[in-house]
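Results of the structural survey
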Amino acid sequence: MTRAINTFWVPALLRLALLCVVPSLIGLYFGWPVGVATLSLLLAMQVALQLWSVYRIEQWLDHPIAGAAPKVRGVWSQVFARLENIRREDQRSRAEMAEWLARFRQAMSMLPDGVVILDHVMHLEWCNPAAQRHLGLDLSRDEGRLVTNLIRSPDFVDYVILGRFEQPLAFVHRGRKIMVQLIPFESRRQIVVTHDVSQSEQIDTMRRDFIANASHELRTPLTVINGFLEHALSSTMDDATRDGQLKLMAEQGQRMQRLVEDMMTLTRLESLDHPPAHDPVEVDSLLTHLVEEARALSAGRHRIDLRAARAGLKGNRDELESAFANLLSNAVRYTSDGGRIDVVWELTEAGARLAVKDSGIGIAAEHLGRLTERFYRVDKTRSRATQGTGLGLAIVKRVLLRHHGRLTITSERGVGSTFSAVFPRTQLVLPDS
Ligand code: ADP
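The rules behind the values
- Residues numbered from 1 in each chain as written.
- Predicted model: local features only at pLDDT ≥ 70, side-chain atom pairs only at ≥ 80, totals over all residues.
- Heavy atoms only, no water.
- Patch = residues over 30% accessible without salt bridge, like charges linked within 9 Å, V, L, I, M, F, W, Y side chains within 5 Å.
- Areas by Shrake-Rupley, 256 points an atom, 1.4 Å probe, with all protein chains shown as cover.
- Salt bridge = Lys/Arg side-chain N within 4 Å of Asp/Glu carboxyl O.
- Helix = DSSP H or I, 4+ residues; strand = E, 2+ residues; numbered from the N terminus.
- Buried < 20%, exposed > 50% of the residue type's maximum accessible area, 1.4 Å probe, protein only.
- Expected span 1.5 Å × (residues − 1).
- Domains from an automatic or database assignment.
- Near = heavy atom within 4 Å.
- Polar contact = N/O pair within 3.5 Å; in protein donor to acceptor, adjacent residues only side chain to side chain.
- Pairing = 2+ DSSP bridges.
- Axes fitted to C-alpha atoms, helices over the stretch in contact; angles between N-to-C directions.

A few words now on a nonpolar patch on the surface. The grouping of I5, F8, W9, V10, L13, L14 and L16 at the surface amounts to a nonpolar patch, some 660 Å² of accessible area in total. Secondary-structure assignment places I5 in helix α1 (residues 2-30).

Set out below in structure tokens:
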């Protein structure tokens, strides 16, 4: 209040007093008609000045950004100063708001989950890139359109119409499984949060299948062992029969052990907290050793030749050994007696390649794409008879992936197969020449 008296009333009253004193003095000196005329003139000037100031305020309010407040005298100068402050304050909060909005949008665009904002009549107002991907939206094209016209899945339309938003909805949209939840906000707006669950669903299914397959694989040898044990307990048998059954039980026990070992190898390879090593591995000497093992497995039934370039790989020796051993043992197991197996480790333009070529039973084209699936076998009887677990190629694929390589398979039924492990140049360790 005191401030208002000092800054507004005192100068205003002083000016008014001056306006009255000057004509009074002139009136005293020159007579009252001159005094009245002077007063009228001064009042007219004052009114004109006020009008001019009001006009300038109006002009400035129309174009406030054009510059600072115009310089005026009298009480208007304070009004202008105050307006100018309000305008500056407003500009600053607008700039802060714009910056905050830009940051918010950037954060939203980096979210892996989708966010869609709908207005009070369910029209699309805004959405982030993840929501565009999940729901097939295009903000520049779809803004302002009714959401149920954009996403026509009956499940989604029912969800929106029935308005049971306490629960999320999972529905299939353009081949992907999407989880959405509508959250009402402000008075009548809605936020839709979307999450692509296709991959986790796929992993869950794979896990369930793996457990089901593994249980199935283990059940057969367990049933055999239990059957023999029950038989042995309930009846007397001669030594030859007992020996025969013990031998069969031992075989089934070994089969279970191989299965468990392969499952553990796969699990270890797939665990994320177990990155591949980058030690130099001498592939030629590793292959020499593995070919000797394959010859032992073949027991002279096949001709096995090795041709290896002097090049190594960066990686984990145990993992590579397990992958290459699987390829070689498959070649022996799926090649009839008298067949040929050629193992070639060679440099290529893109890097290097290990090719294991056999003249075995071959594989029909329709199976080729599925061979690396866990427990997938073309011929179950032959696989089991030759001590296969159905996990060998799944292990090979995993090891190669971890070494930035890939597996290619060419095969013809009755002619033979070539399994190739292909590595990029970046994985090679070349001898100093
Ligand atoms: P398995 O333990 O049954 O051999 P793998 O994962 O190693 O399992 O191989 C999967 C299937 O691929 C095998 O069951 C077999 O049908 C086929 N296969 C693998 N290698 C060969 C090969 N060299 N020749 C023919 N078929 C093969």
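Moving on: unusual backbone geometry. The backbone of R174 sits at a positive phi, close to 50°, despite the residue not being glycine. Positionally, R174 belongs in the loop between β3 (169-173) and β4 (176-185). A residue is classified by how much of its surface remains accessible, and R174, at 61% relative accessible area, is exposed. Of note, the phi angle at F375 is positive, near 65°, even though the residue is not glycine. Structurally, F375 can be placed in the loop between α12 (365-368) and α13 (380-385). Classification of F375 by relative accessible area gives buried; the value is 8%.

Bringing helix α2 (residues 32-62) into the picture now. Under the 1.5 Å per step criterion, the end-to-end length of α2 is 45 Å for 31 residues, consistent within 8% with the ideal 45 Å. Among the residues making up α2, those that are buried are G35, T38, S53, I57 and W60.

For the rest of this paragraph, the subject is the domain arrangement of the protein chain. On domain assignment, one finds that the protein chain holds domain 1 (2-90), domain 2 (111-196), domain 3 (200-270) and domain 4 (279-429). Once you take the C-alpha centre of each, domain 2 and domain 3 turn out to be 49 Å apart.

A few words on the site of the ligand. Residues in close proximity to the ligand total 21 residues, the closest being Y334, S383, T389, G390 and L393. Between the ligand and D358 there is a distance of 2.9 Å, counted from a nitrogen atom to a side-chain nitrogen or oxygen. Taking G390, its main chain carries an N or O atom lying 2.9 Å from an oxygen atom of the ligand. Among the secondary structure elements, those contributing two or more residues to the shell around the ligand are α11 (317-333), α14 (392-402) and β12 (416-424).

Pairing geometry for strand β6 (residues 279-281) and strand β8 (residues 312-315), over three bridges, is antiparallel. Looking across to β8, one finds that P280 is bridged to K314. Where β8 and strand β13 (residues 428-429) come together, two bridges link them in antiparallel fashion. When the bridges of β13 are listed, L313 appears paired with L428.

The next thing to look at is the sheet that holds β12. Reading across the sheet, the five strands line up as β7-β9-β10-β12-β11 and stay open at both edges, with mixed pairing between neighbours. Every other strand in the sheet has two partners, leaving β7 (303-308) and β11 (406-412) as the edge strands with one partner each. Adjacent strand axes in the sheet meet at a mean angle of 10°, parallel and antiparallel pairs treated alike. Direction of pairing for strand β10 (residues 351-358) relative to β12: antiparallel, over a ladder of eight bridges. Bridge pairing in β12 places A355 opposite S420.

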